[in-house]
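These are the residues of each chain, in order.
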Amino acid sequence: MFALGLIGLLVRRNLLFILMAIEVMLNAAGLAFVSAGARWGQADGQVMFLFILTVAAAEVAVGLALLLRLYHRFHSLDVDAASEMRG
């Protein structure tokens, strides 16, 4: 699952698909923590999964704000258009 997210991150040029690939990678890491915690019979994996969910929610909020700003300015979601943004 993590490899699919990494491939999606490297192959896609659309910002929305890149954000979805990062979400897949975060969910794969969370699944690994939960399964490791279940294997060893401890709740540490579930606690780490809650932290991963928090990071994923923050990433979605910031990522979608940047995505909307990029689309509003360039009328495109291409990653190459983001390199033209200057303050």
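As the structure is a computational prediction, the values presented were derived from the model and not from experiment.

Engineer: Kindly report on the overall build of the chain, identifying the contributing residues and their values.
Structural biologist: Scanning the chain for helices and strands turns up 4 helices and 0 strands. Walking the chain from its N terminus toward its C terminus, one meets helices and strands in the order α-α-α-α. Dimensions of the chain, computed from C-alpha atoms along their principal axes, come out at roughly 50 × 25 × 15 Å. Each of the 87 residues in the chain was classed as buried or not, and the buried ones make up 23%. Considering only intrachain contacts with a sequence separation of at least 6, the fraction spanning at least 24 residues in the chain is 45%. For the chain, the accessible area works out to roughly 6,200 Å², and carbon and sulfur atoms hold 70% of it. Charge separation in the chain, taken as the distance between the mean sites of 6 positive and 6 negative side-chain charges, equals 4 Å.

Engineer: Residues and numbers for unusual backbone geometry, please.
Structural biologist: Unusually for a residue other than glycine, His75 sits at a positive phi of about 55°. Tracing the backbone through its elements, the reader meets His75 in the loop between helix H3 (44–74) and helix H4 (79–82). Judged by relative accessible area, His75 falls into the exposed class, the value being 62%.

Engineer: With reference to specific residues and values, describe the environment of Ala36.
Structural biologist: Tracing the backbone through its elements, the reader meets Ala36 in helix H2 (residues 15–40). Considering only alpha carbons, one finds Ala36 and Ala3, 33 residues apart in sequence, at a separation of 18 Å.

Engineer: Could you give an account of the packing of aromatic side chains, with specific residues and numbers?
Structural biologist: Enumeration according to the criterion identifies 0 aromatic pairs in this entry. Over the ring of Phe17 we find Arg12, and its NZ or CZ is 4.5 Å from the ring centre.

Engineer: Which residues make up the packing of helix H1 (residues 2–11) against H2, and what values go with them?
Structural biologist: Between H1 and H2, whose axes approach to 8 Å, the crossing angle comes to 160°. If you check the angle between H1 and H2, you find them roughly antiparallel. Where H1 crosses over H2, the handedness of that crossing is left-handed. Across the interface between the two elements, Phe2, Gly5, Leu6, Gly8 and Leu9 from H1 touch Ile18, Ala21, Ile22, Val24, Met25 and Ala28 from H2.

Engineer: Go over H2 with me, naming the residues and quoting the values.
Structural biologist: Side chains of residues three or four places apart in an α-helix project in the same direction, reflecting 3.6 residues per turn. Between the first and last C-alpha of H2 there are 38 Å, a value that for 26 residues agrees with the 38 Å anticipated at 1.5 Å per step. Of the positions making up H2, those classed as buried are Leu15, Ile18, Leu19, Ala21, Glu23, Met25, Leu26, Ala28, Gly30 and Gly37. On its buried side, H2 packs onto H1, H3 and H4. Looking one or two residues past H2, Gly41 carries a phi angle of roughly 70°, positive in sign.

Parameters at a glance
- Residue positions are given per chain, counting from 1 as you read along its sequence in written order.
- Local features are withheld for residues below a pLDDT of 70 in this predicted model, meaning they are given only at 70 or higher, and side-chain atom pairs are given and counted only at 80 or more; totals for whole chains, interfaces and linings count all residues.
- Water and hydrogen atoms were dropped before computing side-chain values, which therefore reflect all heavy atoms in the structure.
- The way it works is that DSSP assigns letters per residue, a run of H or I at least four long becomes a helix, a run of E at least two long becomes a strand, and they are numbered from the N terminus.
- Here the term buried applies to any residue with accessible area under 20% of the maximum for its type, exposed to any over 50%, and partly exposed to those in between, with areas from a 1.4 Å probe on protein chains only.
- The contact definition used throughout considers only heavy atoms, calling two residues in contact when any of these lie within 4.5 Å.
- For the area figures, the Shrake-Rupley method with a 1.4 Å probe applies, and any residue is considered shielded solely by the protein chains shown.
- For this count, His and the chain ends are skipped, Lys and Arg are scored as positive, and Asp and Glu as negative.
- By convention, the point assigned to a charge is CZ for Arg, NZ for Lys, CD for Glu and CG for Asp.
- Only the six-membered ring of Trp is used, alongside the rings of Phe and Tyr, when aromatic pairs are assigned; centres must lie within 6.5 Å, and planes under 30 degrees apart are stacked while those over 60 apart are edge-to-face, with the rest tilted.
- By definition, being over a ring means that NZ of Lys or CZ of Arg is both within 6 Å of the ring centre and within 35 degrees of the ring normal.
- Axis definition: a line fitted to C-alpha atoms, over the contacting stretch in the case of helices. Angles run 0 to 180 degrees between N-to-C directions.
- Any angle that is under 35 degrees is reported as roughly parallel, and any over 145 degrees as roughly antiparallel; angles of 65 to 115 degrees are reported as roughly perpendicular and all others as oblique.
- Helix crossings are classified by the rotation of the near helix relative to the far one: an anticlockwise turn of less than a right angle makes the crossing left-handed, while a clockwise turn makes it right-handed.
- Expected span, for any helix, means 1.5 Å times one less than how many residues it has.

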